[in-house]
Amino acid sequence: MAVRLNVGDIASVVQAAIGGQAVTQVLEGDRRFDLVVRWKPQYRQSLDAIRDIRVNVPGGGQAPLAQVASIQNAAGASFIYREQLERYVPVRFAVRDRDLQSSVREAKAKVAKNVHLPEGVHLEWAGEYGELQEANRRLAVVVPFALLLIAGGLYGATNSLIDTFIIMVQIPVACLCGIVGLVITGTPFSVLAAVGFISIFGIAVRDGILLSFYIRQLWEQGRPFAEAIVLGSDRRLRATMMTDLVDALGLLPAAISTRIGAQTQRPLAIVVIGGALAIMVLTRMLQPVLIFLCHRKLRLADNAARPTQVFEPGTLA
């Protein structure tokens, strides 16, 4: 007479006998622990012992596991995970003292060279690396949009393509020093470092607007062209230097911290500090030169177009 057995019942017996089964919970104060029971080692550590595990048969009685399943040694996963109607085996590894992107790129090359996957099996690199790739795709949209938005706001404020260009040129100079800061400190590039570069955009534009607007104000007051540039740069140096120092010193504790959680703050802080110092020193020397070179022809042409007034002696009060 044929007897039908449920596969799930057999798997439950094997799980309880070999892996263990939680039967109740133990309370210790406010903590709870599962109480797991399983067979003694002599009844589960050899193939013969596993073959002799008894399985309940419908209608009464028991049958050894060897009569309903093939028991043999085989290499495989200790646990089968399922996701999106597919089975997968996770292989985890951590990265230390180097950036995640280059580590995964090197691992991909070695796996492609040394590992040959059977038919129907494929690799997916996920986890933090997948999150990094997704963040990079978002940044590829956010950063150009931020630059376009800044350029549009600058043009609306200055009503001049030349002044917009002069202020926007300072952004790559500040970002370059942020990259130098990452290289000097040995900090790998990350999403937070990218956020720090976006913060630099705002600092560079703010200082550029302060100086550009003040120099234009001096021109409108009748100051000579070169004198207004020198005077404006001198008078606005202290104000821009103080704001840049506040940005840099405010993030200095996060940049030098070594406590738990500092790894997530350090890249942003290093980038902002490097960019703020560059804006304080390099762009303060670069912007007046650019203003002089870009506005020289326009100012000379404007002065030549103005009518010249001649005052005769005795006509002035």
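Note that the structure is a prediction, hence the values are computed from the model and not measured.

(A) Up close: the overall build of the protein. Regarding its fold elements, the protein presents eight helices and six strands. Taken from N to C terminus, the helices and strands of the protein fall in the order α-β-β-α-β-β-β-β-α-α-α-α-α-α. Along the first, second and third principal axes, the C-alpha set of the protein runs to 135 × 50 × 35 Å. Within the protein, the proportion of its 317 residues that are buried is 27%. Restricting the contact set of the protein to residue pairs at least 6 apart, pairs at least 24 apart contribute 58%. Carbon and sulfur atoms make up 59% of the accessible area of the protein, which amounts to about 22,100 Å² in all.

(B) Geometry of the packing of aromatic side chains. Following the criterion strictly, the structure yields three aromatic pairs and no others. Look at Trp219 and Phe225: their rings are 5.5 Å apart centre to centre, the planes differ by 25 degrees, and that puts the pair in the stacked class. The burial state of Trp219 is the same as that of Phe225; both residues are buried. Through pairs of rings, three or more aromatic residues link up here, namely Trp219, Phe225 and Phe292. If you follow Arg236 out to its NZ or CZ, it ends over the ring of Tyr214, 4.0 Å from the centre.

(C) Representation of the side chain of Thr158 within the structure. Position of Thr158 relative to the elements: it lies in helix H4 (residues 128–158). Using a relative accessible area of 2% as the deciding quantity, one classes Thr158 as buried. Of the polar contacts made by the side chain of Thr158, one reaches the backbone oxygen of Leu154; its length is 2.7 Å. Side-chain polar atoms of Thr158 contact the side chain of Thr164, separated by 3.4 Å.

(D) Structural view of the pairing of strand S2 (residues 31–37). Here strand S1 (residues 21–28) runs beside S2; their pairing, made up of seven bridges, is antiparallel. Paired with Val26 across the bridge in S2 is Phe33. Here S1 folds back onto S2 in antiparallel fashion, the turn holding two residues, of which Gly29 has a positive phi close to 70 degrees.

(E) Molecular detail of the confidence of the model for the protein. Scored by pLDDT, the protein comes out at a mean of 81, with 91% of its residues at no less than 70. Highest mean pLDDT in the protein belongs to S2 (89); lowest belongs to helix H8 (residues 262–305) (78). Predicted confidence is poor over residues 304–317, with pLDDT under 50, and the contacts of this stretch with residues over four places away or in other chains come to one contact.

(F) How the structure looks around the nonpolar core. Membership of the largest hydrophobic core comes to 24 residues, with the highest contact counts inside it found for Ile171, Cys175, Leu182, Phe197, Ile200, Val271 and Ile279. Other than its neighbours up to four places away in sequence, Ile171 contacts Leu147, Phe201, Ala204 and Val205.

(G) Here's a closer look at a nonpolar patch on the surface. There is a patch of nonpolar side chains on the surface, built from Val23, Val26, Phe33, Leu35 and Val37 and spanning about 380 Å² of accessible area. Contributions of two or more residues to the nonpolar patch are made by S1 and S2. Ranked by the residues each element gives to the nonpolar patch, the list is headed by S2, at three residues.

Parameters and conventions
Residues numbered from 1 in each chain as written. Predicted model: local features only at pLDDT ≥ 70, side-chain atom pairs only at ≥ 80, totals over all residues. Heavy atoms only, no water. Helix = DSSP H or I, 4+ residues; strand = E, 2+ residues; numbered from the N terminus. Buried < 20%, exposed > 50% of the residue type's maximum accessible area, 1.4 Å probe, protein only. Contact = heavy atoms within 4.5 Å. Areas by Shrake-Rupley, 256 points an atom, 1.4 Å probe, with all protein chains shown as cover. Phe/Tyr/Trp six-rings, centres within 6.5 Å; stacked < 30°, edge-to-face > 60°. Lys NZ or Arg CZ within 6 Å of the ring centre and 35° of its normal. Polar contact = N/O pair within 3.5 Å; in protein donor to acceptor, adjacent residues only side chain to side chain. Pairing = 2+ DSSP bridges. pLDDT = per-residue confidence, 0-100. Core = buried A, V, L, I, M, F, W, Y, C linked by side-chain atoms within 4.5 Å. Patch = residues over 30% accessible without salt bridge, like charges linked within 9 Å, V, L, I, M, F, W, Y side chains within 5 Å. Salt bridge = Lys/Arg side-chain N within 4 Å of Asp/Glu carboxyl O.

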